[in-house]
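One-letter residues, chain by chain:
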Amino acid sequence: MAFYVVQFLTGLASAASLFLVASGLSIIFGVTRIVNFAHGAFYMLGAYAAYTLTERLSGAFGFWAGILGAALIVAAVGVLVEMILLRRIYHVPELFQLLATFGLTLMVEDLVVLIWGPSDLLGRRAPGFKGAVDFFGQNIPTYDLFLIVLGPIVLAALWLMFQRTRWGVLVRAATQDRDMVAALGVNQKWLFTSVFALGVFLAAFGGALQIPRDAVNHAMDLRIIVDVFVVVVIGGLGSIVGAFVAAVLVSELNAFGILIFPKISIILVFLVMAVVLIVRPWGLFGKPEAAARRTPGLTLNPWRPLTTQERMLALAGLILALAVPLVAGNYALTVGSEIAIFVIFAASLHFLMSVGGLASFGHAAYFGLGAYGVAFLAKLAGLPMLLCLLLGPLLGVLGAAVFGFFAVQLSGVYFAMLTLAFAQIVWSVAFQWVELTGGDNGILGVWPEKWAASPSHFYCLSIGIAALAVAALRVLVFSPFGFALRANRDSPLRSEAVGIDGKRIQWTAFVIAGGIAGVAGALFAYLKGSVFPDSLGISLSVDALVMVLLGGVDTVSGAVVGAIIYKALSIWLVSQTDLSKLVLGGVIILIVVAFPKGVVGVLETIRNRRRSHSKDSSLLRSQIESAE
Amino acid sequence: MSTAPTLLSVERLSKSYGGVHAVRGVSFELKGGEILALIGPNGAGKSTCFDMLNGQTRSSSGRIKLLGQDTTGRKPREVWRLGVGRTFQITATFPTMTVRENVQVALLSFRRQLFNVWASTPRFAEVEAGHLLELVAMGGYAERPCGELAYGDLKRLELAIALANEPKLLLMDEPTAGMAPRERIELMRLTARIAREKSIGVLFTEHDMDVVFEHADRILVLNRGTLIAEGSPEQVRRNPEVRAIYLGEGLVYDARHREGASA
């Protein structure tokens, strides 16, 4: 019994940090509507800064001053980020904000390694809380007790600040309707900056408080951000009480999950999140989100199929791509195959996002399932390669059918979060079910058969399948099904009123996108000769998102260009510099700030402007002629 | 007109949100080719009534019969399949498509082609879509992006979309709200003409009494969720309760009408 009590207390102590970070994210989202992916990075920076400060400053006072000082310094960094970067992107679609803050995360990860080195750092124990309390033979660290008390104190302080101060009233008002608050003459700029500063302070404080408990390392940002996403989604975005309750719930699930279901401990949390989202899509303490105000003028130009000339151009491009093996070496061809595979993957997500309006944050799940499908069929069943390539993606289809059914019941940020959660479930199954998947060691020896084994043959196979997939998706976009999907994205109200079953259409689209991602994964397994849980991981999902947004989400086939640029750039950067994440993050931010329409989007805008310009002038000419 | 079949019959329809009774025991009937107006002050329950009729909102109690079928609690898309077109108070169209494509989407849904992954939508039922656009005088706008249209044009486009399933009943929630006076009259004349020609029943809500009294065959007056009057435009205009609650006394309209009668 005593053991369970101690376990419960450990869970509560972990909840404190999680709550701090999650409440910060929630507050920032409430006012600025930015889902701050970089929140984990600020948490990590807080921990590193606290490590340095507490090492320099001696004594008990020095330690606590170091913790607070670290949080304040990082908050100041947050203010700079808000003023320099975020102010420029408040008006762009929420996905781009997520992308920009993701770019920031990448940069911080490299900067941290640059400043503090790659190895784990062990911080000082907290003065006054070094010992442990004996509880019926079980030890409870006194620092844990300190954290357990701290959590509710911070909650109370935040609550008082929001209920009793003028600033708090403004923040709550802005959370409900920021346009109205602006119309009432409140200086929104500083309100946003101060809110962001508070949120970052909470994240960094949470990170700083972790140093007596855990080693500081440069991977702690992604680990916490996933937990934090889960917490705010369960608690309800924008609700601080919700963040507290959910942080406790998640931490306790983690603490007891390991005892009760050691095999599926990671899954447990995500299962709870999935259940909460399905029963209460806006979280336990959240409110249903009002329909977003559509940014006008964003997607004014209706899509049209390619003209004959453009088709010829695409065909010429394909032939050119197929001629590459005549000049390129084996390494270049392997890179080329990888790019082709990611074109397929990105195109499948692009279809879901741009046509369906469904931004999946866990699309890698279906890529990875396709890869594992191939590995199972090839290694366990010993099927020939062609059959594996055909049947392997069916695992992706199956996964997309099951998860997609639940995911399409939601939309927007919540859809993104649920897909992320599902991807994490699949990842943890692959990671923990060692008997079947080999766990972290993966499945090795999935090599292509002789006819496809040489780099040039495999390259041609990949390019061929990529071309087929992209062409098929284009046909789909302009088919009645594609229009029904777009209709539902444009106006769910109108499409339901003309007899379109939006959820079923979206579900079908989700399954199609999952299947095509599975095809990409199947090829990927053969390219690498192996399958690891990484192929289901968050970073791969985010890669795909970046490719889509880079190409331009409002275009028909922008993802193709986005995938080529992003993949080529990242492979090249890794070979050129140790700081590839820093450069890549910088490039992503630059693109979001300078080209929010994506590369293809910008090209289309230029072309349309030129076209309408020439139309105008010819119209003018004809008018002048008729006048004469 | 009495020989026309009953399209819609509503029996004791009610809706309450918590303790608020938005609609209380409303009953009425509508026949083919008849134009019925639902009027009343703001908050009378007109839009709630509409939303219940096409399944947007679930009724608390009561019964809705469309073409002899009980449609109480059916989803909007199922009601649409029975032959009900609907326009919204704030237009709902597909802004990223062209005007023609907007109509084509409704047409391909009507022909049950939604899961067709092969055909080319831009060429799907082009002629029929063109006819529908001509019908609402939008033929010249077919290739324009819908997002560029002026509000009055959007209202007409919505009418074309609503007509795509060859409806027997049109539900129009404030069809002329936000339009210029001349556009209003044109749109309602158009609607009335189409309704008479195709023998479509029309139920509409409207705040513009010029439009209501000129085009409605019959008027229902709703106040605080209850039906307080029903009858011909003349009967409703003379009803003292309706005047007190909604129309007001000594209206400019009234004066104008008297002039018209004496002239």
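Residues numbered from 1 in each chain as written. Chains lettered and ligands numbered in written order. Predicted model: local features only at pLDDT ≥ 70, side-chain atom pairs only at ≥ 80, totals over all residues.

Visitor: Which residues make up the overall build of chain B, and what values do they have?
Guide: A count of helical and extended segments in chain B gives 10 helices and 10 strands. Relative to its length of 263 residues, chain B is compact, with a C-alpha radius of gyration of 19 Å against a globular reference of 18 Å. Summarising the internal contacts of chain B: among those between residues at least 6 apart in sequence, 66% fall at separations of at least 24. (Helix = DSSP H or I, 4+ residues; strand = E, 2+ residues; numbered from the N terminus. Rg over C-alpha atoms; globule rule 2.2 N^0.38 Å. Contact = placed C-beta atoms within 7 Å.)

Visitor: Explain unusual backbone geometry to me, and be specific about the residues and the numbers.
Guide: All names here are of chain B. Not every positive phi belongs to a glycine, and S199 is a case in point at roughly 55°. Along the polypeptide, S199 turns up in the loop between helix 6 (181-198) and strand 8 (201-205). Phi at R224 takes a positive value of approximately 45°, unusual for a residue other than glycine. In this fold, R224 is placed in the loop between strand 9 (218-223) and strand 10 (226-231). The class of R224 is partly exposed, set by 15 C-beta atoms lying within 10 Å. (Buried ≥ 20, exposed ≤ 12 C-beta atoms within 10 Å, placed from the backbone.)

Visitor: I'd love a proper account of the domain arrangement of chain A, names of residues and values included.
Guide: The figure often quoted for interface size is the accessible area lost as the parts come together. Residues and elements named next belong to chain A. Its domain assignment divides chain A into domain 1 (2-279) and domain 2 (308-606). Distance from the C-alpha centre of domain 1 to the C-alpha centre of domain 2: 32 Å. Taken together, the contacts link 33 residues of domain 1 with 32 residues of domain 2. Those elements giving two or more residues to the side of domain 1 that touches domain 2 turn out to be helix 3 (59-89), helix 4 (94-116), helix 9 (220-235) and helix 11 (265-279). The leading source of residues in the side of domain 1 that touches domain 2 is helix 4, at 13 residues. Looking at the side of domain 1 that touches domain 2 residue by residue, the class counts come to 27 nonpolar, one polar and five charged. (Domains from an automatic or database assignment. Nonpolar A, V, L, I, M, F, W, Y, C, P; charged D, E, K, R; others polar.)

Visitor: Go over helix 5 (residues 142-164) of chain A with me, naming the residues and quoting the values.
Guide: All names here are of chain A. For helix 5, spanning 23 residues, the distance from its first C-alpha to its last is 33 Å, which sits close to the expected 33 Å at 1.5 Å a residue. Every buried residue of helix 5 is listed here: D144, L147, G151, L155 and L158. Summarising the contacts, the buried residues of helix 5 are in contact with helix 1 (2-32), strand 2 (138-141), helix 8 (188-209) and helix 10 (240-260). (Expected span 1.5 Å × (residues − 1).)

Visitor: I'd like a rundown of the domain arrangement of chain B, residues and numbers included.
Guide: Residue and element names in this part refer to chain B. According to the domain assignment, chain B consists of domain 1 (1-83 + 167-239 + 246-263) and domain 2 (90-166). Between domain 1 and domain 2, the C-alpha centre-to-centre distance is 25 Å. In terms of residue count, the dominant contributor to the side of domain 1 that touches domain 2 is helix 6 (five residues). Taken together, the residues that form the side of domain 1 that touches domain 2 break down as nine nonpolar, three polar and one charged.

Visitor: So what about the interface of chain A and chain B? Which residues, and what values?
Guide: Contact with chain A, which involves 26 residues of that partner, is made by 36 residues of chain B. Secondary-structure elements contributing two or more residues to the side of chain A that touches chain B are helix 20 (455-478), helix 21 (480-490) and helix 22 (492-497) of chain A. With seven residues, helix 21 of chain A is the single largest residue contributor to the side of chain A that touches chain B. Grouping the amino acids of the side of chain A that touches chain B by side-chain chemistry returns 16 nonpolar, five polar and five charged.

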